[in-house]
Amino acid sequence: MVREEMVGADGNRNVVKTRRRWRSIAFACAMALVCAFLVSAGKNGANAEESRASEKPAAEKISIMWWNIENLFDFVDDPDNDGDDEYLPGAPSRWNEARYNRKLERLAELITKAEDKVPDVICMAEVENKRVVQDLANKIAEMTGGDSMKVYHEDMHDARGIDLAVISRLDGDYRVFDSTDYFVDPESEERRKTSRDHAVFKTKVGDQDLFIFLNHWKSRSGGREETAARRMACARGARAEIDRVRRANPNAGILATGDFNDDYTDASIAFGMQSSFSEGTVAGDLEVDYLFNMHGTLATYYDKGTLFYWPERGWNTFDQVMVLPRMVGISRSNDRSRLTLRVVDKSFHVVHYDAHAFHDPSNDPRGRAEKYLDPPLAFREIRGEWQDGFSDHFPVWIELESSR
Ligand SMILES: [Ca+2]
Ligand SMILES: [Ca+2]
Ligand SMILES: [Ca+2]
């Protein structure tokens, strides 16, 4: 069209000239575009590098251990806590610095040697104070020859002064919350004694937010049935906090772990925590906002036990892990989350470290010889004899990965 407008008295010459002019304009434009593109690509590259340098990327795959490490008390009297008096040199337990150091050594030994790697997040129950958690982190560093991992701890409202805590190489936020409002008689002055605090550790796996809820529910001391309401109160309190966090973070991963002092089939777990170990139930029943209980993936009675109940010569499954259904690939049609965090297939298991097993041939309730029949070897006097063990609980282990 331009060419035709330019055709006049000296038509052909003008057309050729015009063509040349337009060719050079087009060339200049193309060069300008190419230059602009190169400059902008260079800029983006520099930005990406800057952000990589300033922000350490979160691990794409992490391992998490839960362990009730059983009474990690130091050997110094806390005058504000009567609960530590049984762990002093003058007490019948004859607890002292040497025993404390040996206990730290044993705990760090299992943590660093039981699996092919040291877990990225170690969640634990029954620590007296921050000092003992730091001492344990230092002992782990000593054994691995690496830097000490970060310690997360807050004192809680427990009658013996024992707390939850996290040791982790990941950055995170740690917060304690309670469930006393959910207790059967929330107005009672006893409510602190009859319920328990929980904690939540927020971290990242790749670009995915992850909230790990730590639980140590009230024990069965005083009778299982008699104390069931306390654990239900703990369950309702924990679940309410999980729901609050989920509403505020609909695309975050949720993992609840702990020593629940109830089995994975008990009412507090099924109805209080709304956790099911049946894939069919979780996938099919959309009326309940289920958590999936990882114990449903373990095959045998002996795979599942974490605590041995001597009076009945039987295993309990008090130490568990629960996750959002989509984290194990269960799709529910009402799930709108963009979460891509997944449990690594078959990674969930009870940790069986051979030195942690109490090898007693007389302890064979069914005349069977399964590999892990032997219960956990505790670090204390048992039937008049000092046991150089670890804890009365086995740990549990799970791995998560961010699949983008
Ligand atoms: Ca103490
Ligand atoms: Ca004391
Ligand atoms: Ca404490």
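The paragraphs below set out a description of the structure included in this document.

About the cut-offs
Residues numbered from 1 in each chain as written. Chains lettered and ligands numbered in written order. Predicted model: local features only at pLDDT ≥ 70, side-chain atom pairs only at ≥ 80, totals over all residues. Helix = DSSP H or I, 4+ residues; strand = E, 2+ residues; numbered from the N terminus. Buried ≥ 20, exposed ≤ 12 C-beta atoms within 10 Å, placed from the backbone. Contact = placed C-beta atoms within 7 Å. Pairing = 2+ DSSP bridges. Core = buried A, V, L, I, M, F, W, Y, C linked by C-beta atoms within 7 Å. Expected span 1.5 Å × (residues − 1). Axes fitted to C-alpha atoms, helices over the stretch in contact; angles between N-to-C directions. Parallel < 35°, antiparallel > 145°, perpendicular 65-115°, else oblique. Left-handed = near helix turned anticlockwise from the far one by under 90°. Nonpolar A, V, L, I, M, F, W, Y, C, P; charged D, E, K, R; others polar.

**Details of the overall build of the protein**
Within the protein, the secondary structure is distributed over nine helices and 18 strands. Counting every position in the protein, which comprises 404 residues, the buried fraction comes to 37%. For the protein, restricting intrachain contacts to residue pairs at least 6 apart in sequence, the fraction spanning at least 24 positions comes to 64%.

**Topic: the pairing of strand β4 (residues 163–168)**
Counting buried positions over the six residues of β4 gives six, a clear majority of the element. Alternating residues of β4 divide into Asp163, Ala165 and Ile167 and Leu164, Val166 and Ser168, and every residue in both groups is buried. Both strand β2 (residues 121–127) and β4 contribute to a ladder of six bridges, which runs antiparallel. Within the sheet, the bridge partner assigned to valine 127 lies in β4 and is aspartate 163.

**Re the environment of aspartate 354**
For aspartate 354, the position within the fold is in the loop between β15 (349–350) and β16 (379–382). The spacing of aspartate 354 and alanine 114 is 240 residues in sequence and 8.2 Å in space, taken between C-alpha atoms.

**Some words on the nonpolar core**
Core analysis: the biggest nonpolar cluster contains 87 residues, and Cys123, Leu136, Ile212 and Val323 have the highest contact counts within it. No other element matches the seven residues that strand β1 (residues 61–72) contributes to this core. In this structure, cysteine 123 is in contact with Ile64, Met65, Trp66, Val166, Ile212, Leu214 and Thr257, ignoring residues within four places of it in sequence.

**Focus: the pairing of strand β7 (residues 208–216)**
In summary, the side chains of a regular strand alternate between the two faces of the sheet. Burial runs high along β7: eight of the nine residues are buried. Sheet topology note: the strand β6 (residues 197–205)/β7 ladder contains seven bridges and is antiparallel. Across the sheet, residue valine 200 finds its bridge partner in β7, namely phenylalanine 213. Of the pairings in the sheet, the one linking β7 to strand β8 (residues 253–259) comprises seven bridges and is parallel in character. Paired with asparagine 215 across the bridge in β8 is glycine 258.

**What about helix α4 (residues 130–144)?**
The end-to-end C-alpha separation of α4 is 21 Å, in line with the 21 Å expected for 15 residues at 1.5 Å each. Within the span of α4, buried status applies to Val132, Val133, Asp135, Leu136, Ala137, Lys139 and Ile140. Looking at the packing, one finds that the buried side of α4 touches β1, α3 (97–113), β2, β3 (150–153) and β4. In the segment just after α4, glycine 145 is the residue with positive phi, at about 75°.

**Quick notes on helix α6 (residues 228–248)**
With 21 residues, α6 should reach 30 Å at 1.5 Å per residue; the first-to-last C-alpha distance of 31 Å fits that figure. Within α6 the residues assigned to the buried category are Arg230, Arg231, Met232, Ala233, Cys234, Ala235, Arg236, Gly237, Ala238, Arg239, Glu241 and Ile242.

**A look at the environment of histidine 393**
With respect to the secondary-structure elements, histidine 393 resides in the loop between β17 (385–388) and β18 (396–402). Each C-alpha atom of the pair histidine 393 and glycine 305 lies 9.1 Å from the other, and the pair is 88 residues apart in sequence. Setting aside chain neighbours within four positions, we find histidine 393 in contact with Trp67, Asn68, Glu70, Asp259, Thr306, Leu307, Asp319 and Pro376.

**So, the environment of tryptophan 95**
The topology assignment puts tryptophan 95 in the loop between β1 and α3. Overall, tryptophan 95 belongs to the buried group, with 21 C-beta atoms counted inside 10 Å. Taking the C-alpha atoms as reference, tryptophan 95 lies 9.8 Å from valine 76; in sequence the two are 19 residues apart. If near-sequence neighbours (up to four positions away) are discounted, tryptophan 95 is found in contact with Phe73, Phe75, Tyr87, Leu88, Pro89 and Tyr100.

**Things to note about the sheet that holds strand β10 (residues 291–293)**
An order of β5-β6-β7-β8-β13-β10-β9 is seen for the seven strands of this open sheet, with the pairing classed as mixed. Of all the strands in the sheet, just β5 (173–178) and β9 (275–276) have a single pairing partner and so form its edges.

**Focus on unusual backbone geometry**
Even without a glycine there, the phi angle at glutamate 70 is positive, about 60°. The residue glutamate 70 is located in strand β1 in this model. By the C-beta count within 10 Å, which is 21 here, glutamate 70 ends up buried. Despite not being glycine, glutamine 274 shows a phi value in the positive range, around 55°. By secondary structure assignment, the location of glutamine 274 is in the loop between α7 (267–272) and β9. Residue glutamine 274 is classed as partly exposed on the basis of its C-beta count, with 17 C-beta atoms lying within 10 Å.

**Here's the deal with the packing of α3 against α4**
One way to put it is that α3 packs onto α4 with a least axis distance of 9 Å and a crossing angle of 55°. Relative to α4, the element α3 is oriented oblique. Between α3 and α4 the crossing geometry is right-handed. Across the interface between the two elements, Leu104, Glu105, Leu107, Ala108, Ile111 and Thr112 from α3 touch Asp135, Leu136, Lys139, Ile140, Met143 and Thr144 from α4. Broken down by class, the residue content of the contact of α3 with α4 amounts to seven nonpolar, two polar and three charged.

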